[in-house]
Amino acid sequence: MPRLLVGGAVLAIVAAACGGGASTAPTTAPTGTPAASVGTEPTADPMADLITAAQAEGTLTTIALPHDWCNYGEAIETFKSKYGMEVTELDPNAGSGDEVEAIKANKDNPGPQAPDVIDVGLSFGPSAKDEDLLESYKVATWDTIPDDAKDAEGYWWGDYYGVLSFEVNTAVVSNVPADWSDLLKPEYKSQVALAGDPRTSNQAIQTVFAAALANGGSLDDAQPGLDFFKELNDAGNLLPGIATSATIASGDTPITIRWTYNALSNRDTTAASGGPEIAVVVPTSGRFAGVYVQGISAYAPHPNAAKLWNEFLYSDEGQNIWLKGYCHPIRYENLVETNAVPQEQLDKLPDVAGAVFPSLDQLNAAKELITTQWDTAVGLNIQ
Amino acid sequence: MASIVSWPPTISPWAVVRYWFRARRQPPEGKERRARFNPFAWLVFILGFLYFFLPLVGTFIHSTRTRPDNLLAYKQVLADPKFFGGLVYSFTVGVITIIVSLLIIVPTAYWVRLKVPRLRPLVEFVTLMPFVIPPVVLVFGLIRVYGSRPLLLLSSNTGSDIVLVCAYVILSFPYMYRAVDTGLAAIDVRSMTEAAQSLGAGWVRILWQVIFPNLRTALISGAFLTLAIVIGEYTIANFLARIDAFGPYLSLLGRNQPYQPAAVSLISFALTWLAMGAIAFLGRGAQTRVQVAGAR
Amino acid sequence: MAVATRPDGQGVPSALPARRRFNLAWLGLLPFFLFSVAFMFLPAIYLVVGSFRNNDGDLTLQNYVDLQTGIIPGAFLTTIEVSLVTAVAGGIFGLLLAYSVILGGLPRFLRTALMTFSGVASNFAGVPLALAFIFTLGQLGFVTVILKNLGFNPYESGFRLTSKLGVELVYMYFQFPLMVLIIAPALEGLRRDWREAAENMGASTYQYWRHVALPILTPSILGTMILLFGNSFGAQATAFQLTGGTLNLVPIIIGAQIRGDVLHNPGLGFAMAMGMVAIMAVSIGLYALLQRRAERWLRS
């Protein structure tokens, strides 16, 4: 008898798994566009309705939001206190792949394991949309988001960007490098480490792509980036291993390359602990910007909370919170035009003039090249 | 000799001397014979000690590099209520996991050894499977199975806790099975069973009163390993939204703090060590082995 | 009629054919198998099914074909090598360590200290372990600095914590304790009478170990080594932090395919996991063969 049950269950699960490729049709949500003028807080009734509906749901489930990434910690706390909502934070260290997988696995689950909103790398926006995992929604300030950073139908939209910069432990490195070519100098022997694995980490792949820009390549040609790192490795400057805030502070990996917001927030936390002074340098050439995108899960158990969260993030208040975390929020130009940013915040932001944004196709082509060639081209592999 | 045993002792000095000589030649029953000073054993131990302690010292040195207050990281960690809350939660889950795992594994290992040795490779294969299934695959698989009808367990907190415990029991299988199997190998299972059966004991009684007590060291080893896994695990706890557990607390602490994670890992190391000590103390019982069978 | 004899030597004259008793006995393992199915195999089905899918969702065998391309075969070899080395070396030194506290005449409290410490250390892995070793033996680690002050720079002699040897050295931190904890009951099971009997017959310490103790312990040692092998086989976070993925280990590549910030081929990752399952099965097969030989004399 137990065997029959088990056998039946196995058959059922296998059948479900095999047929699981075609997802069930998500409930289409009306694209919410509360009538409001561009660049101001939405005040019309739809917003109040949304708040009530969200509060009825009571909780929001987020994923992959470390508290010190773009000041998400403050964003979450402000959201909680402003609207009286609870927030369940799933794995803050999850990668974009995990976030998408979490949506897929939790399709029928109304529990707290199902993420309501995701914050993923640019290439994941369209692919999640293709897999029918996202729900379309346009925030009140939709029109102020640049066109090339959002999906026309409202399935995903850019949230913030940063520029790749050098993070340097000045206690170990007295002569701070100013540009990519400086990194090749012999004084930096065994001092440069990446903050991730270029085969899996968005930040690390863009690092290689950025090096291409400074090494004679372009947004269409990422090969010089690989060449640069090969040269760096041959010179003995490149360390294997992942640079973390601990290894930077200890001096084991005194130079690394990260998004400005990560580097700057790390500089602050290290200073708060009395650690060595960290310099954050945006390289003079090869300024490369990377965008992350927001999306709402089509299977979100709390869709109204998800929408409210996005309304909050894309209001001036939310965008300023991101800005405090040294991120350039996607509405940055608009905020500056309407003088919505305190001057002292503006002054703290690094100068990223001339930074280039790759398109989706360019990103995918570069990613293809870098992830497949990294092992062989750079020659770091241990045999 | 009898004069020694009574209290208050009415000891004659000669009795003492006689006793002392005899004790030197022949240690009392039940105590392990103390070997002579064994330099090899000391050398091995010292090498092991160095290997284990130096990295902890390195971590400690790093964690105290905060200025101006060297112990800033520790103070921050210990002041955080979520730290102890997380440890208590994970410890509780750990104890439940140990109990469930023991209840499944000990009868299984015993049965395999006694009755179905042919199935042993299959059972061992199954117990080693948790090593090759990536935890993230396991947790998403669990969500798929138990996060949808008809087995919707994950929508409630209790249900999620149950799934968490069961996942940890699975993770503990390799260690628990191997510990119990090694323990069973060291005792004469067949003779004990036959002796107990001839005295009229049923299976449950045999397991409970004959097998379990003789596996004390093995069970404690298995318990240690399981507890360590549960306290340190965070992938499954995270994706199952068990954010009160210790692992998720650690990951929220942020990889981006320079000194605090080192302090956290040392503190949790020390506290887990204390917990193991408590388990060892509770599980100590009689030092002598119960020998049901005679010499083989 | 023939007496039904079974490999365990229990010859039982019985009117029932031996097969019937075997079937009934199998049921005793049902709780274990049911639990494993419910909480391991059922969830893992999507791994098996996924290994036959490509990114577009079609069923295909391409993932298994791709297992032979690129860095993957080398990764399997490297992973097996690292696991074998840490299993054997970890097993040997772990055995010696357990011996030293249980049979080596050390004070009793050291044994409790080592056992409890091993419990904690057995799971001290991943980023904290990697960082601990970096702070100790890294370029600026305090031991490295001490050694440099004493005139010996290990880095000039070619030592690298980020090499295969370095990773193996770090892996020992959780392999030694595992061996110590598991083999402890086996060492305790070495009866004092056996030692005394051997000494009465004139055996030296070496002879006692070679002809009495080690043969008795070998099945348990083998069993624990397969555990150490599996433990190391599935480990990746430690090596990843140390080497950033430059050491190609299968679990790291699987992680790269399944998780991570870039779109990859999860089907390939699942196929690699199935490859690991196959390797595990082969290892168990080999181990069972060795076990049978080792236990043969015990069966008499």
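From a predicted model like this one, the values you see are computed outputs, not experimental measurements. (Residues numbered from 1 in each chain as written. Chains lettered and ligands numbered in written order. Predicted model: local features only at pLDDT ≥ 70, side-chain atom pairs only at ≥ 80, totals over all residues.)

**Observations concerning the overall build of chain A**
Summing up its helical and strand segments, chain A has 14 helices and 11 strands in all. Within the span of chain A, comprising 383 residues, buried residues form 54% of the whole. If you take every contact in chain A between residues at least 6 apart in sequence, the share linking residues at least 24 apart comes to 77%. (Helix = DSSP H or I, 4+ residues; strand = E, 2+ residues; numbered from the N terminus. Buried ≥ 20, exposed ≤ 12 C-beta atoms within 10 Å, placed from the backbone. Contact = placed C-beta atoms within 7 Å.)

**Observations regarding the overall build of chain B**
The helix and strand tally for chain B stands at 14 helices and 0 strands. Seen in sequence order, chain B has helices and strands lined up from the N terminus as α-α-α-α-α-α-α-α-α-α-α-α-α-α. A burial count over chain B gives 48% of its 296 residues as buried.

**A short note on the domain arrangement of chain A**
Residues and elements named next belong to chain A. For chain A, the assigned domains read domain 1 (41–161 + 290–348) and domain 2 (162–288 + 356–378). Computed over C-alpha atoms only, the centres of domain 1 and domain 2 are separated by 28 Å. In this assembly, 15 residues from domain 1 lie in contact with 15 residues from domain 2. Taken together, the residues of the side of domain 1 that touches domain 2 break down into 8 nonpolar, 6 polar and 1 charged. (Domains from an automatic or database assignment. Nonpolar A, V, L, I, M, F, W, Y, C, P; charged D, E, K, R; others polar.)

**Details of the confidence of the model for chain A**
Across chain A, the average pLDDT comes to 84, with 87% of residues at or above 70. In this model, residues 1–40 of chain A is a region of pLDDT below 50 whose contacts with residues beyond four sequence positions or in other chains number 51 contacts. (pLDDT = per-residue confidence, 0-100.)

**Quick word on the interface of chain B and chain A**
Counting from both sides, the interface comprises 33 residues of chain B and, opposite them, 33 residues of chain A. Breaking the side of chain B that touches chain A down by element, the ones donating at least two residues are helix H4 (72–79), helix H7 (135–146), helix H12 (235–239), helix H13 (246–253) and helix H14 (260–282) of chain B. Ranked by the residues each element gives to the side of chain B that touches chain A, the list is headed by H7(B), at 5 residues. Split into classes, the residues belonging to the side of chain B that touches chain A amount to 17 nonpolar, 11 polar and 5 charged.

**What about the pairing of strand S10 (residues 289–297) of chain A?**
As a general feature of sheets, a regular strand has side chains that alternate between the two faces. Residue and element names in this part refer to chain A. For S10, a buried count of 8 out of 9 residues is recorded, marking the element as mostly surrounded by other parts of the structure. Here 2 bridges tie strand S4 (residues 134–135) to S10, and the two strands are oriented antiparallel to one another. Across the sheet, the residue bridging to Glu135 is Ile296, located in S10. Summarising the sheet, strand S5 (residues 157–169) and S10 pair through 6 bridges and their orientation is antiparallel. (Pairing = 2+ DSSP bridges.)

**What about helix H10 (residues 203–214) of chain B?**
The end-to-end C-alpha distance of H10(B), which contains 12 residues, comes to 16 Å, matching closely the 16 Å that a straight helix rising 1.5 Å per residue would cover. In this structure, the buried side of H10(B) is in contact with helix H5 (81–114) and helix H9 (189–198) of chain B. (Expected span 1.5 Å × (residues − 1).)

**Points about the interface of chain B and chain C**
With 75 residues of chain B at the contact, the number on the chain C side is 79 residues. Among the elements of the structure, helix H3 (39–63), H5, helix H6 (120–132), H7, helix H8 (157–185), helix H11 (216–232) and H14 of chain B are those that each provide at least two residues to the side of chain B that touches chain C. Counting residues per element, the side of chain B that touches chain C draws most heavily on H3(B), at 12 residues. Tallied by class, the residues present in the side of chain B that touches chain C amount to 52 nonpolar, 15 polar and 8 charged.

**Structural notes on the environment of Val132(B)**
On the secondary structure map, Val132(B) appears in helix H6. Judged by C-beta crowding, with 25 C-beta atoms within 10 Å, Val132(B) ranks as buried. Beyond its immediate chain neighbours, meaning those up to four positions away, Val132(B) contacts Phe233(C), Gly234(C), Ala273(C), Met276(C), Val277(C) and Met280(C).

**Concerning the domain arrangement of chain B**
All names here are of chain B. On domain assignment, one finds that chain B holds domain 1 (2–25 + 38–63) and domain 2 (79–282). Each partner contributes to the interface: domain 1 provides 5 residues, whereas domain 2 provides 5 residues. The class makeup of the residues in the side of domain 1 that touches domain 2 is 2 nonpolar, 3 polar and no charged.

**Some thoughts on unusual backbone geometry**
That bond from Arg67(B) to Pro68(B) is cis: its omega, -5°, falls within 30 degrees of zero. Examined against the element boundaries, Pro68(B) turns out to sit in the loop between H3 and H4. One non-glycine residue, Ala64(A), adopts positive backbone phi at about 60°. Tracing the backbone through its elements, the reader meets Ala64(A) in the loop between strand S1 (59–62) and helix H3 (72–83). What makes Ala64(A) buried here is the crowd of 23 C-beta atoms within 10 Å. Positive phi outside glycine occurs at Asn71(A), with the angle close to 60°. According to the C-beta neighbour criterion, Asn71(A) is buried, with 20 such atoms within 10 Å.

**Concerning the packing of helix H4 (residues 72–102) of chain C against helix H10 (residues 205–233) of chain C**
Residues and elements named next belong to chain C. The interhelical angle for the contact between H4 and H10, taken along N-to-C directions, is 135°, at an axis separation of 8 Å. Judged by the inter-axis angle, H4 sits oblique to H10. As H4 packs across H10, the resulting crossing turns out to be right-handed. For the pair H4 and H10, the contacting residues are Thr79, Val82, Ser83, Leu84, Thr86, Ala87, Val88, Gly90, Gly91 and Leu95 in the first and Ile221, Thr224, Met225, Leu228, Phe229, Ser232 and Phe233 in the second. Here the contact of H4 with H10 is built from residues that sort into 10 nonpolar, 7 polar and no charged. (Axes fitted to C-alpha atoms, helices over the stretch in contact; angles between N-to-C directions. Parallel < 35°, antiparallel > 145°, perpendicular 65-115°, else oblique. Left-handed = near helix turned anticlockwise from the far one by under 90°.)

**A closer look at H7(B)**
In an α-helix, one full turn covers 3.6 residues, which means residues spaced three or four apart are oriented alike. Residues and elements named next belong to chain B. The end-to-end C-alpha distance of H7 is 16 Å, a good match for the 16 Å that 12 residues give at a rise of 1.5 Å each. Burial analysis of H7 places 11 of its 12 residues in the buried class, which makes it a mostly covered element. Restricting attention to buried positions, one finds in H7 the residues Val136, Val137, Leu138, Val139, Phe140, Gly141, Leu142, Ile143, Arg144, Val145 and Tyr146.

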